[in-house]
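As a plain string of letters, each chain reads:
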Amino acid sequence: MKPSKAKDERDPGEALALGIGIFVVVGAVAAPLALRQSPATPPVHAPASKAVAPRGLRIPHAADVLRLDGELDEPSWRASARTGSFLTGEGKEATPYSDARFAWTQGALRVGLYASDEDIVAARVPADGPVWQGDAFHLVIETDGVEHVFDVGPTCVLADGERRDGERIDYAWQSDAKLACDADGTIDVPGDMDEEWVVEMEIPLAALGLQGTAGERAEVRIRRCDVGSGQRRGGCGEIAPTVLILGE
Amino acid sequence: MQHSLRDGLVGVIVFLACVAAMAACAADGGIWDGGTPPATSDAAPPPPNPQTCPPCVIDSDCSGGSVCAQIGGDSYCAKPCPNGNECDSSHTCEAVMTVAGDEAKVCVPNNNACGTAPQPPQQPSTSDGGTAPPPSNSCPGLASPTTTAGCSSCSSSSSSCQPNGCYGGWWCNTQTMKCQSPPTNCGSSTSTDGGSSTGPVQTLDGGVNSSISANGGTESTLYFAIVGDTRPAVIDDTSAYPSAIISQIFSDVNSLKPSPPMVVTTGDYMFASTSGSQAGPQLSLYLAARKNYGGTDFPAMGNHECTGATASNCGPGSTYGVTSNYSAFMSDLLGPISKTNPYYSINVASPTNAWTAKFVFVAANAWSSTQASWLSSTMAQTTTYTFVIRHESSTANTAPGVTPSDQIISQYPYTLLVVGHAHTYSHPSTKEVLFGNGGAPLASGNYGFGLVTQRSDGAVQVDAYDYASVTPDTSFRFAVYPNGTPAP
């Protein structure tokens, strides 16, 4: 991972005002923007729709040992279950491209998140801070009506929380997830061309309320929003609600 | 002398520039004196109405089933009229030639709305009031209207049919046996990138006659495609190699009329661990996809042909040495074109040597003092056009060879730096174009390819094609003169 430079100095108020201005000016094309969200807005207010019937994704059991380094190079990643490209609200392949892949072991759910990105921007915030102010994935894993929320950006700062019964997210909850990230490019350097960033993560099954038994299920929703500078600000893409099924 | 739409626009622009600068403008056919676009005089006739005569370079510039046809001394989109009765009252069905060199019947606007057919070059006056020597009738590879030749655009029984088999003042390309507009600089010496005097060169008229092999060759029109960044998203993920997209792109390139005889590729054909075994299988998939294209591919090396890291440096004696990715690239992609170094150059010229071009492939992830010396000596070779192909753009300067090669390149004239690395397409600066949308996970834009086409004014036009629709992004289109200055 490359050293980073000072963060974008635009404060949230300016960003919000800019966002409002843009919204007014391009009101005629507001619909396509509906998926976009202000980096100052916690993504919890705009979760992926649950109205769509979830699809199923059987995820394979992995036997190898994961070396958490942000490189999805273990054999189990090649056999992992994949979401395919994230999509826009119109059902088209979202750009920048994103995808996610899953495997599980006896103790953990493995999640690999890939983000193509020509201008990588990280929110300089502490753990459990508003990670979504920069480039970030917003991952919700729901079991038994409890949402486990993970926001993670290219520097691997994680905001994890839990929401029960539709209440506010409790960021005091800790998943004890282990993760590593790798960025190919220069984080927070707007003038150059970056390639991508990757998150490699292991989430303890117990934190998700899973026992580690084949056939167990959890619903997952993922959204990724791109925060670039100027014209290099992409939109958001997401996957349809998906039921992960622990395979044999 | 006929003036095309583009010439007319150039004339207007030059006229305005001259007025603004209180400078004297050259007369008709103005001298191209190093960076100044070739200009016509401000007395040029008004350009054809683009609504009536939509300009084009190739068929895909046209919509609604129209073809790009030679009309009135330039090329315009025109509706086919194979039965002779498809034209409305403002058009006449005439037999013309398409830019691909095929005869076709199309609806031509009445009253010479797109201009009149070109006449043979006039004998220019000399300063002493006499006349200059008549234009040569033995331009290499071309037969003048009065020379008997084997073109067959018209029948000898027709009164307008010239001895060379063409009509309307067109010359016969004796290699393709197809007619084309008259050469205006036949026999002139090759200019340099610095922009010494040169005039319009051959266009796509008569199709692209080419003979391209591993070391370059000839093209009647400088014409090539650009494909870049064709790797999967994740390391060793060979099962997710973007074969379908790459196949479609090369199939698209092959289907263009005319099909470009050569493609330059900007690197990153694989995403493979250097300790693994996936480099070869991924390149096999690339080569299988590339089989959809029948021309010659000249590959540049990307960072993924080293270790994958942008900052990595490979090759004998380098930091990472000869990795499995490097070896696979050298053997599978450069072996077939007999290149023994990841950096190399090829030369392409017109059959008449009216222009010359060199393509310089820089390997910024195999940088060495040897490559630096080679690059200096190669760039020093004088050619009309110089295209430098390198994987990383100037801003991706963590690659070991980017900044050093930039320093060398900047000391010499060049036309365009062609790069990839970012998974998109863009025109980062006047003399740099980026195509990295060949199948690797997109950062923005669409998958597709670039197309570089030499125009009749000597500038090269760059288009970005979408792989699904095989249509150019007209908002992207730009052109530069051989010395890299913007062309209108």
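In short, a report on the structure. Computed from a predicted structure; not experimentally measured.

Conventions used here
Residues numbered from 1 in each chain as written. Chains lettered and ligands numbered in written order. Predicted model: local features only at pLDDT ≥ 70, side-chain atom pairs only at ≥ 80, totals over all residues. Heavy atoms only, no water. Contact = heavy atoms within 4.5 Å. Buried area = accessible area lost by both parts, 1.4 Å probe. Salt bridge = Lys/Arg side-chain N within 4 Å of Asp/Glu carboxyl O. Polar contact = N/O pair within 3.5 Å; in protein donor to acceptor, adjacent residues only side chain to side chain. Nonpolar A, V, L, I, M, F, W, Y, C, P; charged D, E, K, R; others polar. Helix = DSSP H or I, 4+ residues; strand = E, 2+ residues; numbered from the N terminus. Buried < 20%, exposed > 50% of the residue type's maximum accessible area, 1.4 Å probe, protein only. Phe/Tyr/Trp six-rings, centres within 6.5 Å; stacked < 30°, edge-to-face > 60°. Disulfide = S-S within 2.5 Å. Pairing = 2+ DSSP bridges. Core = buried A, V, L, I, M, F, W, Y, C linked by side-chain atoms within 4.5 Å. Axes fitted to C-alpha atoms, helices over the stretch in contact; angles between N-to-C directions. Arc of directions from axis to C-beta. 1 Å grid on protein atoms, 1.4 Å probe; cavity = no way out; pocket = protein on both sides within 12 Å on 5 of 7 lines; lining within 4 Å. Points joined across faces, edges and corners; volume = space filled by probe spheres on them. Left-handed = near helix turned anticlockwise from the far one by under 90°.

### Re the interface of chain B and chain A
- Across the contact, 29 residues belong to chain B and 21 residues belong to chain A.
- Carbon and sulfur atoms supply 50% of the area buried between chain B and chain A, which totals about 1,900 Å² over both sides.
- Inspection of the region where chain B meets chain A yields 5 salt bridges.
- Close ionic contact of Asp237(B) with Arg101(A) constitutes a salt bridge, the shortest N to O distance being 2.9 Å.
- Linking chain B to chain A there are 12 residue pairs in polar contact (both at pLDDT 80 or more).
- Residues that form the side of chain B that touches chain A fall into these classes: 11 nonpolar, 13 polar and 5 charged.

### Details of the environment of Ser410(B)
Residue and element names in this part refer to chain B.
- Take Ser410: it is sitting in the loop between helix 6 (402–409) and strand 16 (416–419).
- A relative accessible area of 54% places Ser410 in the exposed class.
- Spatially, the C-alpha atom of Ser410 lies 9.7 Å from that of Met379, the residues being 31 residues apart in sequence.

### Considerations on unusual backbone geometry
- The peptide bond linking Thr95(A) to Pro96(A) adopts the cis configuration, its omega dihedral lying at 0°.
- Mapped onto the elements of the fold, Pro96(A) is located in the loop between strand 2 (81–82) and strand 3 (98–104).
- Omega for the peptide link from Lys257(B) to Pro258(B) comes to 0°, which places this bond in the cis form.
- With respect to the helices and strands, Pro258(B) occurs in the loop between helix 2 (243–255) and strand 11 (262–265).
- One non-glycine residue, Cys156(A), adopts positive backbone phi at about 75°.
- By the secondary structure assignment, Cys156(A) is in the loop between strand 6 (146–152) and strand 7 (158–164).
- A positive phi angle, close to 60°, is found at Ser338(B), a residue other than glycine.
- As for its position among the elements, Ser338(B) is in the loop between helix 4 (324–334) and strand 13 (344–349).

### Structural notes on the packing of aromatic side chains
- Taken as a whole and assessed by the stated rule, the structure comprises 23 aromatic pairs over all chains.
- With a centroid separation of 5.3 Å and an interplanar angle of 70°, the aromatic rings of Phe137(A) and Trp197(A) are classed as edge-to-face. Of this pair, Phe137(A) sits in strand 5 (residues 136–143) while Trp197(A) sits in strand 9 (residues 196–204), and the two are 60 residues apart along the sequence. Trp197(A) carries the same exposure label as Phe137(A), and that label is buried.
- On the basis of an interplanar angle of 15° and a centroid distance of 5.1 Å, the ring pair of Phe449(B) and Tyr465(B) is categorised as stacked. Taken together, the residues Phe449(B) in strand 19 (residues 448–454) and Tyr465(B) in strand 20 (residues 460–466) connect sequence positions 16 residues apart. Pair check on accessibility: Phe449(B) and Tyr465(B) agree, each one buried.
- Clustering of aromatic rings is evident, with ring pairs tying together Phe224(B), Trp355(B), Phe359(B), Tyr385(B) and Phe387(B).

### Looking at the state of the cysteines
Residues and elements named next belong to chain A.
- Under the defined criterion, the tally for this structure stands at 7 disulfides over all chains.
- Note on cysteine connectivity: Cys225 is disulfide-linked to Cys236, with sulfurs 2.0 Å apart. Looking down the S-S bond of the Cys225 and Cys236 bridge, the torsion is 110°, so its handedness is right-handed. Here Cys236 lies in strand 11 (residues 236–238) and Cys225 lies in strand 10 (residues 217–225), a separation of 11 residues in the sequence.

### Section: the sheet that holds strand 4 (residues 108–116) of chain A
All names here are of chain A.
- Ordered by their spatial adjacency, 5 strands build an open sheet running 2-3-4-9-8, and the pairing between neighbours is antiparallel. Sheet topology places strand 2 and strand 8 (178–184) at the edges, where each strand pairs with a single neighbour.
- Bridging between strand 4 and strand 9 involves 9 bridges; their strand directions are antiparallel. Residue Leu113 lies in a different strand from strand 9, and its bridge partner there is Val199.

### Remarks on the nonpolar core
- Ranked by internal contacts, the top residues of the largest apolar core, which has 86 residues, are Phe359(B) and Phe387(B).
- Here this core takes 6 residues from helix 4 of chain B, the largest share from any one element.
- When neighbours within four sequence positions are excluded, Phe359(B) is seen to be in contact with Leu222(B), Phe224(B), Met262(B), Val264(B), Tyr344(B), Ser345(B), Ile346(B), Val348(B), Phe387(B) and Ile389(B).
- In this structure, Phe137(A), Trp197(A), Ile203(A) and Leu208(A) belong to the second largest nonpolar core, which totals 39 residues.

### Observations concerning the sheet that holds strand 8 (residues 210–213) of chain B
All names here are of chain B.
- If you trace the 8 strands from one edge of the open sheet to the other, you get 8-9-13-14-15-16-18-17, paired in mixed fashion. What marks the edges here is a single partner per strand, and that holds for strand 8 and strand 17 (425–429). The average angle at which neighbouring strand axes cross in this sheet is 20°, direction not considered.
- Across the face of the sheet, helix 5 (residues 369–379) comes into contact with strand 13, strand 14 (356–362) and strand 15 (385–390) while running at roughly 165° to strand 14.

### Overview of helix 5 of chain B
Residue and element names in this part refer to chain B.
- Taken as a whole, helix 5 has its buried residues at Gln371, Ala372, Trp374, Leu375, Thr378 and Met379. Buried positions in helix 5, seen along its axis, are confined to an arc of 165° and lie on one side of it.
- As for helix 5, its buried residues are in contact with strand 13, strand 14, strand 15 and helix 6.

### Details of empty space enclosed by the protein
- Scanning the entire structure with this criterion turns up 5 cavities of 30 Å³ or more.
- When its volume is computed, the largest cavity comes out at roughly 100 Å³.
- Lining the largest cavity we find 14 residues, and of these Gly185(A), Thr186(A), Met193(A), Thr310(B) and Thr398(B) sit closest to its centre.
- The class makeup of the residues in the lining of the largest cavity is 2 nonpolar, 7 polar and 5 charged.

### A closer look at the packing of helix 2 of chain B against helix 3 (residues 279–290) of chain B
Residue and element names in this part refer to chain B.
- Where helix 2 contacts helix 3, the two axes come as close as 8 Å, and the packing angle between them is 35°. The interaxial crossing formed by helix 2 with helix 3 has right-handed handedness. Here helix 2 contributes Ser243, Ile246, Ser247 and Phe250 to the contact with helix 3, which in turn contributes Leu285, Tyr286, Ala289 and Arg290.
- A class-by-class count of the residues in the contact of helix 2 with helix 3 yields 5 nonpolar, 2 polar and 1 charged.

### Quick word on the pattern of salt bridges
- Under the criterion given, the structure shown has 24 salt bridges over all chains.
- Salt-bridge contacts for Arg110(A) lead to Asp64(A); the nearest nitrogen and oxygen are separated by 2.9 Å. Here Asp64(A) lies in the loop between strand 1 (55–59) and helix 3 (75–78) and Arg110(A) lies in strand 4, a separation of 46 residues in the sequence.
- Owing to a relative accessible area of 2%, Arg110(A) belongs among the buried residues under this scheme.
- Among the residues examined, Asp64(A) registers a relative accessible area of 22% and is labelled partly exposed.
- Across the salt bridge formed by Arg82(A) and Asp237(B), the nearest N and O atoms sit 2.5 Å from each other.

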